[in-house]
Structure formats: structure tokens, C-alpha cells
Amino acid sequence: MAQRNKLWANIDWVAVMLAFGLMILGWINIYAAVYNEDHSSIFDVTQRYGKQLIWIGAAVLLGMVILITDSNFYVFFSWPIYGLVILSLLLVLIAGVEINGSKSWFVIGGDFRLQPAEFAKFATALALAKLLSSYNFKIQKAPSVLLIAGIIGLPPALIMLQPDAGSAIVFVVFFLVLYREGMSGIILFFGLLTILLFLLSLLTENVVLLILLFTGSILAFYVLNPRMKLALSALGLGIGLTLLLQAINLISGNTIDFEWIVLSGTVISMIVFFIYGLKVRMRRAFVIIGIFFAAVLFTYSIDFVFENILQAHQQARINELLGLQSDPLGAGYNVNQSKIAIGSGGFAGKGFLNGTQTKFNFVPEQSTDFIFCTVGEEWGFLGSLVVIGLFLALLVRIINLAERQRSLFSRVYGYSVASILFFHFAVNIGMTIGLMPVIGIPLPFFSYGGSSLWAFTVLLFVFLRLDASRLDRLV
Amino acid sequence: MDINSNRKYLIVSIFVAVSIVLLIRLFYLQVIDNTYKEFATSNVLRKVVQYPARGLIYDRNGELLVYNKAAYDLLVTPREVKAFDTLKFCSLLDITIEEFRLKLKEARAYSPYKPSVLVKQISPEKYAVLQELLYKVQGFYIQSRTLREYPRPMAAHLLGYVGEVNRATIESNPYYESGDYIGISGIEKSYENELRGKKGVKYYMVDVHNRIQGSYLDGEADTTALIGKNLISTLDADLQEYAELLLENKRGSVVAIEPSTGEILVLANSPAYDPNLLVGRERGRNYTVLSEDPVKPLYNRALMAQYPPGSTFKMANALVALQEGVITPSTSYYCAHGYHSGNFTVGCHHDMSFTLEPSIAKSCNAYYVYVFRAILENNKYNSVREGYEAWRRYMLNFGFGRTLNTDLLNELKGLVPTSDYYERFVFRGSRWRALPVVSLSIGQGELGITPLQLANYTAMLANRGHYYIPHVVKEIEGQEIDMRFREPVDSGIDRHHFDPVVEGMAQVMQPGGTGAMSMIPDIEVCGKTGTAQNPHGLDHSVFMAFAPKDRPKIAISVYVENGIWGSTYAAPIASLIVEKYLNDTIATSRLWLESNMLKANLMDPNRVIISNGTEE
């Protein structure tokens, strides 16, 4: 009994209440989103709010079960759980039911659906925690890096086969966890640089990007080695060479595209710098030159990937997001309607059940991926502030809890929980207001749906269980 | 703890930074940028205008003259249109596919989100079929409208017509919106505000499929449509129909007024048109045909044609002379086959002297030249010009040379020239004399009197000194008609001066009088024939009369263009209408006259002009 009391006392009730609060707010908004005067009873299980009430009840029960389970269970069964999820991800490709073009769901008994991808994040977090906390594991070693990459990369690779790019892309966020656990900051930097390059390569002409990269490289070189004369002569060489090539091109009948001229000019200049660097033994220049070539290669491969690998709807969504192609009634319809709904909410909102845009189904997927529209429309900026505030509070709380863990396993797991929740939160809300591409991922604890609600409940409560016994042991 | 624990701050910073970015974006969308609120409104609100039925118009005896029938407009919201069987749709609507595409394009250009009218005024029969089709087709709606219908095709000019409101009106009057109907002429126009009622607006909220989901703000912003008010017109439908019948195949008009009230009993024009022609989808085409017709069926002669009044004007001069004291009923002038002064002659047919009463009965021209000279050369005034101005004031009092301020539109002023006019074109600085303007004495020359003015003047004579402003609406459902129609307008002539004049008019209709042929057995009619000189062709036949002599019930003016003498056409027609009105039937002894009038065709280009030699 004393043990039990101690357990309840050690549970972080702040985090529990924050999560529970989000669930309740989510339910209220689901009620408003699908509100129908003929079915106004909140227990009407033919309606989504009725069902969600059952899912929430079940989630609470699930949370309690997790809390009374021995915390060692998750530590010991990390690998089996991971294995089980990998197995189910394989199984869903065979036995799953295709809905909206992806085989992501198990359908049990006709009505009950389960999406294994939702639990893959939890399993991966456990496996990563287990791996990083294993005895004498060094994150910087090459075999370790491969192992980590394998563990994190396997589930999204399987999910991509469904295909469900939205759920797969979430795994990118584990970089944050790895960064916390000692991964080089440069990798994070390159990660961010890659994303930036990706966006820029689609947004601007390659010519502009090449010029930016070239001048950027010289600027970086100047920062590392502040010799004005050298930097200026390097810049002069690049410009001079490019102009010379263009002059020759013009004289010979302007047969070559200007982009190729710029590419030749900058690449040849860089080769010249490389030779010069070899001569004067300037090792730092090699890094910059290396980055330049990698970036150019990356830029050209993005064009290739974008046009040859991405599916049409993904291209359209990316184009829409980047404003390259405005088609408010086509690919941008969801986002446009979503922005209208949120924008029409104003400062204080239209009031509960008074949101016309959401109530009359102008926003698609409004109880699932676009549930934030209802918040924005009916509760206005104030409501948005409260929801974002609650999420941020939960995230910061989890980070603080993670940092107080003595067990490495718990800390890695905690960071994973925070990172996954953060990714969902940022991308989901970001897409409803046109800051992110529309990738169909739910808002944690908020969106309608049993699978995602339970998956996030499991994810969070396992961590809270680990946290509750943080004083018990050291792994 | 461990060396990397500081990295917590970078991670938390990323969380906070992203949250702030989201909040900034939300603040911009929700608080600063208002365009999304407008989009939301246009997304969800559908304004449905409810068009009230226009008021009905009855005649003075409660007979329906104008009522409504249902018609349906087909509206389209281009954004919602999906592919469908266009061919079937078009064949049902009687339009070609090209027309349909063009209209759809125009609608899209106007607004892809708002409904615009695609096809107007679909008949109820077609609507029934169309309705079935519309269940399967998206983006099309039906709006019910009402169209005018006329059970008895008559009084087209008076009733006027209804059409779509024009751009200028939409801009100047916020009540109207594109596609609304408005009275364009006649009663429909002058009583537009009463007849139209009040449009109602209902705001509905619709869902993404444009299905109505309920009323907006629980209907607080809605307004209910108010049905237009019914009007009881002063018109006597049977009499109007009879007048139009008599005018058939002639150019001219008949205006009959009840003298004791100023109520217009008849306002008939010929050529006329069937008011049903200017209704519905065919209106535009029919209007073009009518407006291009050389006989001008759209021309409202009763209010707009300005003829010289001819001899019917003589009583006006007699009254002025009596009032001014320049003659008495027993003053006599000699007619020597006319009036002669040096080389100046006004022809006439008598060789005898006249006092007032016989001068009217026999319509002596010479007598009135003397009278007119006496008025203008009155010593009371310093000059002929001042005498003329005094005379002209009387004319204005009699309702000539100005509009009467009736409830009819397009009423013209007619012409009674100002003294400035004569100064500029006739006297040009020389001394004013009566002779150059003396043709005014017998109602010729620079005079323009509309049939309505002539009828009003007749009513004034019937009332012995005053008239009520003529009007066509007797009652507005639950509302008084304007007070100006209830107050008598004084002529400025003392009542006793009317007795000899009326006596003379009574003699016109007795044996020896110019209108004797049109005598009605048992009704004492007071009338006056006239011939309006027409420089463009045959003279116009003019007649005015009121009856009975005591307590008159009807005052009437008739113009028949190219009918030459008042006694040939205008007087018989007037007498038949008076008889019909007072006796309800035409005496058997006069049926030949009625039949002659009905048969008479003055628009036949091969008509033979038979002069019966009656002089006026």
C-alpha cells in the first residue's frame, strides 16, 4: 500500500492534467465540428463526439493501466515491442485495408480501425532509448551511427511503402533527441541547411541559387580566414570567368542556357580555388568547397526527385505551400478553407457551436487533421493562444521531467516523447494556417480518432510511469 | 549531470520559437487580416430575396384590370456548376448551347460565387419539367417572380408596364437591385412605391454543398416581404373598352372625367396595343416592334398630343371677356361672312348679328375676334401686351399651357405662348396689336392643348367655375390618395358668368347647333364642336361635352385626327360614350350612328373624304 501511495505521489500530475485538458478541449471542438441538431446528446455513439468520448474513456483507463504497470516492463520489453510494431507494419502491407490510397489500417470487426504507424513512434522511442542507454554505447562511433540510423529509419521506410509520407516524415524529429544525446551540432546544422536548400531550390531559379551558394561560400571562407584581398579576388575570378563564358556563348550564337554558363563558371572557379588551396595548404577551404559541391549536387538532385519521384498530389501540395502554384479550389482548397475558418474567428472567436465554416463542412477533415480550425473559428485568437500555450507548457514540462531523470533510458525516451509531440503540434497547426505543407498528421490528444489518441496516451504515460519511479533505480 | 545538458535550452528555444511563429501567424490571420472574415461570409451566407406580389389594380366598379401570374427565373452560381447534360437542359429552356455557354460565361465574369439570372421568366408549365431536371444538376436555382397579366386588354397607356430596372435607377435608388422589376410607365410607374410592396430578404446559412442549414442569426437580419397595395383606379372598364372600340381604325383619343371629383373615367388612345404584349420574356422584342411601328401605338396621345383646340376654345374667351367686363351676355357683334379689318379677314359663314349664346351654338368666328380684341384692348391695361398677359393668366387658370399635376406621368404642358414669345417672333419691338394674335380667339394658331387639358377644361365648365385635379387612382388599399385631388381648383371666373356659356353649349346639341346630329334623346348634353387646323394634312375633329347639364356626371373630350369637323367623328363618338355611361345602353334611334362610328376607318389610305358641308 505504501508502494502504491508513493507511486501516486510521484506521478507528475501537471503533465497528466495538461494532457487531459487537451483531450477535453479536443473533444469540445470535435463536438462543435460535427455538431448536428438531430444528434445533440454527447453520448450519441453514432456521432464522432460520442465515439471520441469512448476513446477518451478508454485512453484514461489505458493511462491508469500503464501507471500501475511496473516501469521495468517497458525497459525490458523495448525490443520485443519494437519488433512487434515492425511486424505489424509488415503485416499491414499484406493484410491492411486500403483507405484513401494507402494501406495503413487494420480493420477489425468492420468498424474498429487501428493504424500501426501511430504506435511505431512509441516503439522507436523505446528502442532508441534502450539502445542509447545500453552499456558502453558511444553515440559517435560509426557502427553506433549505423545502428541508430537503422532503428530510426526502418519504421518510416516501411510506412513509406503503404505509402504514408506524412506519418513517415515524423521520424525526422528524432534528430532532436540525438542532438541532445551528443550528436554533433553540425549534423543538426546540415539538417536545417538541407531543408533550407530544398525549399530554396524549389522556390528560386537554379541560377540564383548557384550565385547565392558561390557568394555564400566565399563569405564563409572570409569569416574563417579574414583576408579581404583573397576573398575579393576569388569573387572576381568567379564573376570574370562566368562573364567570359557568356561572352563566348553570345558570340557563338547564344546556344547555351545561361544557367549552364553560371554552373560552369562557378564550378571551374571552385576547382581553381581547390588547386590554390592545395598549394598553400589551406585545409579550411576544402570544407567549404566540399559543402559547395555537395549543395550543388543536392540542388540538382532535388529537381530530379521532385519531378520524377514525388507523386503528383505531393508536388501539388508542396507547390501550393511555397506559393508556386495557386489553385484555391484544387490542391490548396483545404488550406484555403482552413485559413478562412481560422481567420474568420477574429480575436475572441464566434463562440461555441457558432462556427459556420466548420459546422457546415467547408473545411475537410475538420474533426481529424484540421481540428484546429474549429478552435480558431469558434474561440478566436484567444482560444488559439490557450491551445498553443497548453502544448508548449506540456512540451517544456516533459523536457524538464526528462532532464531530472537519473536513468538515461528515461531521459532519451522523454526527449523522444517531447520531440514527437512537438513535431505533430508544429506541423499540424502550421498546415492549418498555411505555414507547412498539408501532411496528414493528427494534433496530439486533440484530433478525432482512437488510434492516434491511444498512441499518444501510451507514449506520454509510459514516460510518466518511468518518471514516477525515477528515484527507484538507475539503468 | 552530463555534458550535453545545456542543449536542453536550444531544444526548448526551438519549441518556444516555433510556438511564437505560429502565434504571430495566427494573430495576423485572425486579428489583422480581415479578408478571411469576408470569405467566410460569402462561403456560408446565401441571401434569398423574397419578391412580394405586386399590388392588383381594379377599376372603379371593382373589376380586375391587372393581376399577377407566376413566372420563374433560373439562377446559376457558376462555381458550383458541374458537368451535366447541357443539351437536354438547353432544349428545355429554348436556348442554344452557344447562348447557354455565353450566359454562363457572363455569369462567371460577374461573380463565380454569387448567383446570376440565367434565364428569365420561365412559365409554370416549363418550370414543372425543369424542377425534375434540377435535382440532378448542381449550381442552378429557381427564384419565383410574378408577372403582370391583363384580363381585358385595354387602357395600356394608362396602366403602363413593368420591366427590369435600369442601371441608372439602381445607382440612384438603393431599394433596387439588378434584375428587379419596376413600373416603367403609367400607373405602374406613378404608383410604383405603393404597388411594389417591400422586398423581403432571408439570409440562410449553407454548407459546403450549398444545402441550406438554417437561418442566419435566428432570422434577426431577415425582413419579411410585404405584398404590394391594391389600387382601385377611377377608370370605368366597360366605358374604357367602349371608347377604345369606337376609336378603332382612327388616330385620336378620348378623355372622360367625373367633374365632381376629377376622377378619370376613360383615357383611351388609338392606335393602342395589348398590354399583355409588354409582359415576360417577349417584352423586349415586342417593345421594339411597337416602338418602330409607324402608327406609334406606344404614343400616349391623351397626355402628350398637343393640338390646337379649335372652336372648343371659344367658351374660354367668352368667360374671360365676361369676367373682365368687356362684354355682357347680351353684347352683340355682327358677322359679315366673317370679320374684316382692312385686308385682314377671319372667315365665317353667317350674315347676322350674334349675342353670346347663339355665338357658341353656331360657333361664330367673327364674334370671337371682337371678343378677343375687347379683352386685349381693354382700357384697364396700359397696352395690348398687358391685356394679353392678363388673358394668358386666365388660360393658365383653366389648366392650359401647364401640367395639371395629375398622378399620370409624361403629362405635357401644351402651349399658350408667353408675351415674350410674341415679342420675339411677331412684334419684334413694334407696338403690340390684337390682330396679329387674333387667331387665338378661335383656338387656332400657336396653341397646343392636350386631350386631358381639354377634358379638364370641360369639367371646369361642367362645375361652373372649378375643377378637381384629374387623377386615375381612387383608392390605395389602406391609404388616402393625395389631398391635392380632393381640393377644388378655382378658375378665377365668377360662377354666374358660366350660365350663358353653358346655355350656349346646350344649344350646340339642339336643332340648329353644330352638334345637333349627336343629340341624345332624354339627356341634356352641353357640348362644343371644334376643328383643329393641321398644317400636315386633314384637320382634326374635336369635341368636348358634359352631361347632364345640371349635376353633370361626365365631362369628355374627343380628338379624332384628320376627322376634319368636330361634328363628323368627335361629337358622335363623345355622345355615344356619354350615352353609354349615363344610360348604359345606346338608344335604338342612334344605333346607326354607333355603327357608322365603329365602321369608320380613317387610317385607310384610300379613304374617300365626304364633306357634309357643316360649318363651324
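Keep in mind that this is a model prediction, so the values were computed, not measured.

### Notes on the interface of chain A and chain B
Tallying the contact residues gives 49 residues for chain A and 35 residues for chain B. Taken together, the connections running from chain A to chain B amount to seven residue pairs in polar contact (both at pLDDT 80 or more). Elements with a minimum of two residues in the side of chain A that touches chain B: α9 (174–180), α10 (185–203), α16 (333–343), α17 (356–359), α18 (371–403) and α19 (408–432) of chain A. Top element by residues in the side of chain A that touches chain B is α18(A). It accounts for 13 residues.

### Details of the confidence of the model for chain A
Residues and elements named next belong to chain A. Per-residue confidence for chain A averages 83 on the pLDDT scale, and 92% of its residues sit at or above 70. Per-element averaging of pLDDT across chain A places helix α15 (residues 312–321) at the bottom with 67 and α18 at the top with 94. For the stretch residues 324–329, pLDDT sits under 50, and the model shows 13 contacts to residues farther than four places along the chain or on other chains.

### Thoughts on the pairing of strand β11 (residues 252–258) of chain B
Across a regular strand the side chains alternate sides, sitting on one face of the sheet and then on the other. Residue and element names in this part refer to chain B. In terms of burial, β11 is largely enclosed, as seven of its seven residues are buried. What you see with β11 is no split at all: G252, V254, A256 and E258 on one side and S253, V255 and I257 on the other are buried throughout. Pairing of β11 with strand β12 (residues 263–270) involves seven bridges; the strand directions are antiparallel. In the sheet register, G252 faces β12, and the bridge partner there is S270. From the end of β11 to the start of β12, which pair antiparallel, there are four residues, and G262 there has a positive phi angle of about 85°. Here β11 pairs with strand β20 (residues 554–560) via six bridges, running antiparallel. Within β20, the position partnered with G252 by the bridge is V560.

### Details of empty space enclosed by the protein
Residues and elements named next belong to chain A. Per the counting criterion, the structure on display carries one cavity of 30 Å³ or more. When its volume is computed, the largest cavity comes out at roughly 30 Å³. For the largest cavity, the full set of lining residues is E118, K121, F122, I420, A455, F456 and L459. Those elements that place two or more of their residues in the lining of the largest cavity are α6 (116–133) and α20 (450–468). The residue inventory of the lining of the largest cavity, partitioned by class, reads five nonpolar, no polar and two charged.

### Regarding the domain arrangement of chain A
What the domain assignment reports for chain A is domain 1 (2–183 + 318–468) and domain 2 (197–310). Computed from C-alpha coordinates alone, the two centres of domain 1 of chain A and domain 2 of chain A are separated by 42 Å.

### So, the packing of helix α16 (residues 384–397) of chain B against helix α17 (residues 419–427) of chain B
All names here are of chain B. Where α16 meets α17, the axes come as close as 9 Å, and the angle between the chain directions of the two elements is 135°. Considered as vectors, α16 and α17 are oriented oblique to each other. Residues R385, Y388 and E389 of α16 pack against S419, D420, Y422 and E423 of α17. Grouping the amino acids of the contact of α16 with α17 by side-chain chemistry returns two nonpolar, one polar and four charged.

### Considering the packing of aromatic side chains
Under the defined criterion, the tally for this structure stands at 47 aromatic pairs over all chains. Summarising the aromatic geometry, the rings of Y31(A) and F352(A) are spaced 6.1 Å apart at their centres and angled 20° between planes, so their arrangement reads as stacked. Highlighted residues: Y31(A) in helix α2 (residues 13–33) and F352(A) in the loop between α16 and α17, separated in sequence by 321 residues. Ring geometry for F313(B) versus W391(B): centroids 6.1 Å apart, planes at 75°, classification edge-to-face. Of the two residues, F313(B) is situated in the loop between α12 (301–304) and α13 (314–324) and W391(B) in helix α16; the sequence distance between them amounts to 78 residues. Judged on exposure class, the residue F313(B) and its partner W391(B) are both buried. One aromatic cluster is present, built from ring pairs that chain together F313(B), F372(B), Y388(B), W391(B), F398(B), F400(B), Y421(B), Y422(B), F425(B), F427(B), W432(B) and Y457(B). A cation over an aromatic ring shows up here: K199(B) above the ring of Y175(B), its NZ or CZ 4.8 Å from the ring centre.

### Details of the sheet that holds strand β19 (residues 540–547) of chain B
All names here are of chain B. An order of β12-β11-β20-β19-β18 is seen for the five strands of this open sheet, with the pairing classed as antiparallel. Because the sheet does not close on itself, it has two edges, and the strands there are β12 and β18 (526–532). Along the sheet, successive strands turn relative to each other by an average axial angle of 10°, direction set aside. When β19 meets β20, the two strands line up antiparallel, connected through seven bridges. Looking at β20, one finds that F546 is bridged to A555. Against the sheet, helix α10 (residues 237–247) makes contact with β11, β12 and β20, and its axis sits at roughly 25° relative to β12, the strand it touches most. Relative to the sheet, helix α18 (residues 451–462) contacts β11, β12, β19 and β20, its axis offset from that of β19 by approximately 30°.

### Some thoughts on the packing of helix α11 (residues 206–224) of chain A against helix α13 (residues 258–280) of chain A
All names here are of chain A. Between α11 and α13, whose axes approach to 9 Å, the crossing angle comes to 20°. The orientation of α11 with respect to α13, classified from their angle, is roughly parallel. Between α11 and α13 lies a crossing of left-handed hand. Residue-level inspection shows N206, V207, L210, I211, F214 and S217 of α11 in contact with α13, the latter providing F258, E259, V262, L263, T266, S269, M270 and F273.

### Some remarks on the nonpolar core
Counting 137 residues, the largest nonpolar core has I187(B), V254(B), W391(B), M395(B), F398(B) and L461(B) as the members making the most contacts within it. Of the residues that make up this core, three or more belong to each of domain 1 (47–233) and domain 2 (238–285 + 300–599) of chain B. A127(A), F372(A), V412(A) and F425(A) belong to the second-largest nonpolar core, a separate cluster that totals 123 residues.

### Quick notes on the sheet that holds strand β2 (residues 102–108) of chain A
All names here are of chain A. Strands sit in the order β1-β2-β3 across an open sheet of three strands; the sheet is antiparallel. Every other strand in the sheet has two partners, leaving β1 (97–99) and β3 (112–114) as the edge strands with one partner each. Here the strands of the sheet are splayed against their neighbours by 50° on average, with no regard to which way each runs. Relative to β2, β1 runs antiparallel, the two being bridged by three bridges.

### Quick word on the domain arrangement of chain B
Residue and element names in this part refer to chain B. Partitioning chain B into domains gives domain 1 (47–233) and domain 2 (238–285 + 300–599). On a C-alpha basis, the centres of domain 1 and domain 2 stand 45 Å from each other. Counting residues at the interface gives 35 residues for domain 1 and 33 residues for domain 2. Interface area, domain 1 with domain 2, both sides summed: about 3100 Å², of which 56% is carbon and sulfur. Looking only at domain 1, the three residues that lose the most surface to domain 2 are R60, H157 and Y191, adding up to 22% of its buried area. Scanning the region where domain 1 abuts domain 2 turns up four salt bridges. Here D238 and R152 are joined by a salt bridge, their closest N and O atoms 2.9 Å apart. Counting only elements with at least two residues in the side of domain 1 that touches domain 2, the list comes to β4 (116–122), β5 (140–149), α6 (156–159), β6 (162–164), α8 (186–190) and β10 (231–233). At four residues, the largest contribution of residues to the side of domain 1 that touches domain 2 is made by α8.

Quick notes on the rules
- Residue positions are given per chain, counting from 1 as you read along its sequence in written order.
- Lettering for chains starts from A, numbering for ligands starts from 1, and both go in the order in which the items are written.
- Residues qualify for local features only when their pLDDT is at least 70, as the model is predicted, and side-chain atom pairs are given and counted only at 80 or more; totals for whole chains, interfaces and linings, by contrast, use all residues.
- Only hydrogens and water are set aside when side-chain values are computed; all heavy atoms of the structure are taken into account.
- Two residues qualify as a contact provided that any one of their heavy atoms is within 4.5 Å of a heavy atom in the partner residue.
- Here a polar contact is recorded for every N or O atom pair within 3.5 Å, except that within protein the pair must consist of a potential hydrogen donor and a potential acceptor, and residues adjacent in sequence are included only if both atoms are side-chain atoms.
- For the purposes of this entry, the term helix denotes a DSSP run of H or I that reaches at least four residues, the term strand denotes a run of E that reaches at least two, and both are numbered from the N terminus.
- A residue's pLDDT is the confidence the predictor assigns to it, expressed on a 0 to 100 scale.
- Per-residue accessibility, obtained with a 1.4 Å probe over protein chains only, is compared with the maximum for each type, and a residue is labelled buried under 20%, exposed over 50%, and partly exposed between these values.
- At least two DSSP bridges between two strands are needed for those strands to be called paired.
- Definitions used throughout: a 1 Å grid over protein atoms alone; a cavity as a set of points that fits a 1.4 Å probe which cannot get out; a pocket as an open set with protein on both sides within 12 Å along at least five of seven lines; a lining residue as one with an atom within 4 Å of a point.
- Grid points are joined across faces, edges and corners, and a volume is the space filled by probe spheres set on the points.
- Gly falls in the polar group here, along with every residue not listed as nonpolar (Ala, Val, Leu, Ile, Met, Phe, Trp, Tyr, Cys, Pro) or charged (Asp, Glu, Lys, Arg).
- Throughout the structure description, domain borders are defined by an automatic or database domain assignment.
- Fitted lines through C-alpha atoms give the axes, limited to the stretch in contact for helices. The angle between two N-to-C directions lies from 0 to 180 degrees.
- To sort the angles, those under 35 degrees are grouped as roughly parallel, those over 145 as roughly antiparallel, those from 65 to 115 as roughly perpendicular, and the leftovers as oblique.
- Centres within 6.5 Å make a pair out of two Phe, Tyr or Trp rings, where for Trp the six-membered ring is used; the pair is then stacked when the planes are under 30 degrees apart, edge-to-face when over 60, and tilted otherwise.
- By definition here, charges over rings are those cases where NZ of Lys or CZ of Arg is within 6 Å of the ring centre and within 35 degrees of the ring normal.
- Throughout, a crossing is termed right-handed when the near helix is turned clockwise from the far one, and left-handed when it is turned anticlockwise from it by less than a right angle.
- The definition of a nonpolar core used throughout is a set of buried Ala, Val, Leu, Ile, Met, Phe, Trp, Tyr and Cys residues joined through side-chain atoms within 4.5 Å.
- Here the buried area means the combined drop in accessible surface, using a 1.4 Å probe, for two parts upon being joined, counting both sides.
- Note on definitions: salt bridges are taken to be side-chain nitrogens of Lys or Arg within 4 Å of carboxyl oxygens of Asp or Glu.

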